[in-house]
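# Report on the structure
Spelled out, the chains give:
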Amino acid sequence: MAEVGGANTWREELASLVEDTGIIYTGEPIGFSSLPPFTVTKSAAAVVVESDQELQPPESLKEQVTGFLKSWGEMLLELGRGCKDIFQQTVVTEDSFIVRKLGGPVAKVSGRLRFLNEFLPEDRDPIHAWPVIFFVSILALSALNLNGGHDGLVPPVKMVRVHPPSASRIQLPDGRHLAYREIGVTADKARFSLIAPHSFLSSRLAGIPGVKTSLLEEYGVRLVTYDLPGFGESDPHPSRNLNSSTFDMLHLADAVGVTDKFWVLGYSSGSMHAWAALRYVPHRIAGAALIAPMINPYEPSLTKEEMRSIWAEFLPKRKIMYYLARKAPKLLSFFYRRSFLSGKHGRIDKWMSLSLGRMDEILTEGPTFEDFWHRDVEESIRQGNTKPFIEEAVLQVSNWGFSLADLQVHRKCHKNGIFPWLKSLYSQAECELAGFLGPIHIWQGVDDQAVPPAMMDHISRVLPAAIIHKIPNEGHFSCFYFCDECHRQIFSTLFGSPQGPLDKADKGETPSEGDTKEQPSATDSTKK
């Protein structure tokens, strides 16, 4: 039967109902023993997949490294979890060695700090909350410290310079050379001679910092300063102590033509050389001027309260340096090589482990003080050797061989032996005055945070004859460095009214320096 034109055949109807599978039937019979006569063609989806694979670029090295690091991080995370489990199962169990030894002390500390848990939210476990707070605080402080270092421009670090030798030198009896410097009036016109040993990390250039030559001439003062052994241009001493230091000063006085009594001036730690001069050669000393004097912090005559007050004022680093100087002085070399012997300049409060008051902060940040300080340090460390600095630090905390109480005037009677004793039974024993007979004046700033007030209390107790002048609103440095008013106050107290240098008519009439009439202290000073 013929099909109606334009109508779909039954095969076309069937094909429209079935999804195209890509298989075309050829009309041949299907046999089981022979291969099927199928013709397989690629579908659209397969073509798209293959085209995507051909267009996809190969994996880059960065992606490979990133994937490796991710995998490595996952492995470390799993390792950490495993270590945590092992730690919890072996170390922090009740029968472990650590828990048995530390469990009691930790329980005590946690019991005392339990009140801090009140500041935590109620739903937070303190065991988990406090470690998080601790580590977050550490990270926050580290970030603040890191950012704070970049707030302003960092000033360039100044390097230590080496200067050509400029000191006058004398030869001592043992062959060593001692470097010195003198300013003020000449030897033949000097009414008063003032010799000043310097303090730690200083030199002969210090003397009276910023003192005007006109003031020295007004009072007729000859100021002689010198480098301690091993400092500046002075030769080192093989085994120096305060006794040898005193006789170095005495030989210097004789060598520069000081034939009469002279005044001694000591500042800060340099005061121990002035104390020693008062003890060992009192017959040559007219009087003493001590500015913020240090004493031995291990002095046996200190009371418990005085010692407690003194050590409470020291910074932790300063306590460590004192301890090392007394117990292991060789270790000080390690610290000195990394501070003032490093070849770089630094702040005085950092190198000396000192606290500074407001006036000291203002002074030390100024260019005048900085230039003076840098030049003084450069001269002090000229020889680049740690030994003299270690010796000076050890002297400060060692037994001085005398007590400050020995300087107090007292009667000393000779009763040694049987014959003087028998003689004293029938007549008055032969006695003489001992101690230092001259005036001792001490100045200290009220805001001095380097020398504890308890040291002045101790000096007042064992040396009641010493006159202590408190300078209001001044600190450890500001009461002495570049302070014209302070310098004039010191000179007027020691030497009285200014009379100028000697002239030919005065040479035969000038009283000895030990007979100088003491003047009352300035109005801004107080006596104890």
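By the naming in an unreviewed UniProt entry, the chain is AB hydrolase-1 domain-containing protein, taken from Corchorus olitorius.

When its secondary structure is counted, the chain shows 18 helices and 10 strands. Long-range contacts, defined here as pairs at least 24 residues apart, represent 77% of the contacts in the chain between residues at least 6 apart. Total accessible area on the chain is roughly 31,900 Å²; 59% of this is exposed by carbon and sulfur atoms.

Applying the stated criterion across every chain yields a total of 22 salt bridges. The partner of R204 in a salt bridge is D227, with the nearest N and O atoms 2.7 Å apart. With R204 in the loop between β3 (192–197) and α6 (213–219) and D227 in the loop between β4 (221–226) and α7 (242–255), the pair connects residues that are 23 residues apart, well separated along the chain. A relative accessible area of 2% means that R204 is categorised as buried. When its relative accessible area of 0% is taken as the criterion, D227 is described as buried.

Each packed pair of helices is defined by two parameters, the angle between the axes and the distance between the axes. Between helix α9 (residues 304–313) and helix α17 (residues 453–462), the shortest axis-to-axis distance is 8 Å and the interhelical angle comes to 150°. Between α9 and α17, the crossing angle belongs to the class labelled roughly antiparallel. Taken together, the residues of α17 that come into contact with α9 (itself represented by E306, S309 and I310) are A454, M455, D457, H458 and R461. In terms of residue class, the contact of α9 with α17 is made up of three nonpolar, two polar and three charged.

Okay, the pairing of strand β9 (residues 440–445) next. In terms of burial, β9 is a largely internal element, six of the six residues being buried. Burial along β9 is two-sided: the residues I440, I442 and Q444 and H441, W443 and G445 are all buried. By the bridge criterion, five bridges tie β9 to strand β10 (residues 467–471) in an arrangement that is parallel. From the neighbouring strand, Q444 faces β10, where its bridge partner is K470.

Under the criterion given, the structure shown has one disulfide. The closest cysteine sulfur to the non-disulfide-bonded C479 is located on C486, 6.4 Å from its own sulfur.

Turning to a nonpolar patch on the surface, a few remarks are in order. A contiguous nonpolar patch, built from L61, V65, F68, L69, W72, M75, L76 and L79 and spanning about 870 Å² of accessible area, is present on the exposed surface. Within the secondary structure, M75 is located in helix α3 (residues 61–90).

Looking now at the pairing of β3. The two faces of a sheet get side chains in turn, since along a regular strand they alternate between them. When you tally the buried positions in β3, you get six out of six residues, the bulk of the element. Of the two faces of β3, the one carrying F192, L194 and A196 and the one carrying S193, I195 and P197 are both buried. Sheet topology note: the β3/β4 ladder contains six bridges and is parallel. Paired with P197 across the strands is Y226, a residue of β4. One crossover worth recording links β3 to the parallel β4 by way of α6, and it is right-handed. Direction of pairing for β3 relative to strand β5 (residues 262–267): parallel, over a ladder of two bridges. Bridge pairing in β5 places I195 opposite V264.

Basis of the calculations
- Residues numbered from 1 in each chain as written.
- Predicted model: local features only at pLDDT ≥ 70, side-chain atom pairs only at ≥ 80, totals over all residues.
- Heavy atoms only, no water.
- Helix = DSSP H or I, 4+ residues; strand = E, 2+ residues; numbered from the N terminus.
- Contact = heavy atoms within 4.5 Å.
- Areas by Shrake-Rupley, 256 points an atom, 1.4 Å probe, with all protein chains shown as cover.
- Salt bridge = Lys/Arg side-chain N within 4 Å of Asp/Glu carboxyl O.
- Buried < 20%, exposed > 50% of the residue type's maximum accessible area, 1.4 Å probe, protein only.
- Axes fitted to C-alpha atoms, helices over the stretch in contact; angles between N-to-C directions.
- Parallel < 35°, antiparallel > 145°, perpendicular 65-115°, else oblique.
- Nonpolar A, V, L, I, M, F, W, Y, C, P; charged D, E, K, R; others polar.
- Pairing = 2+ DSSP bridges.
- Disulfide = S-S within 2.5 Å.
- Patch = residues over 30% accessible without salt bridge, like charges linked within 9 Å, V, L, I, M, F, W, Y side chains within 5 Å.
- Right-handed = clockwise from strand over helix to strand, strands pointing away.

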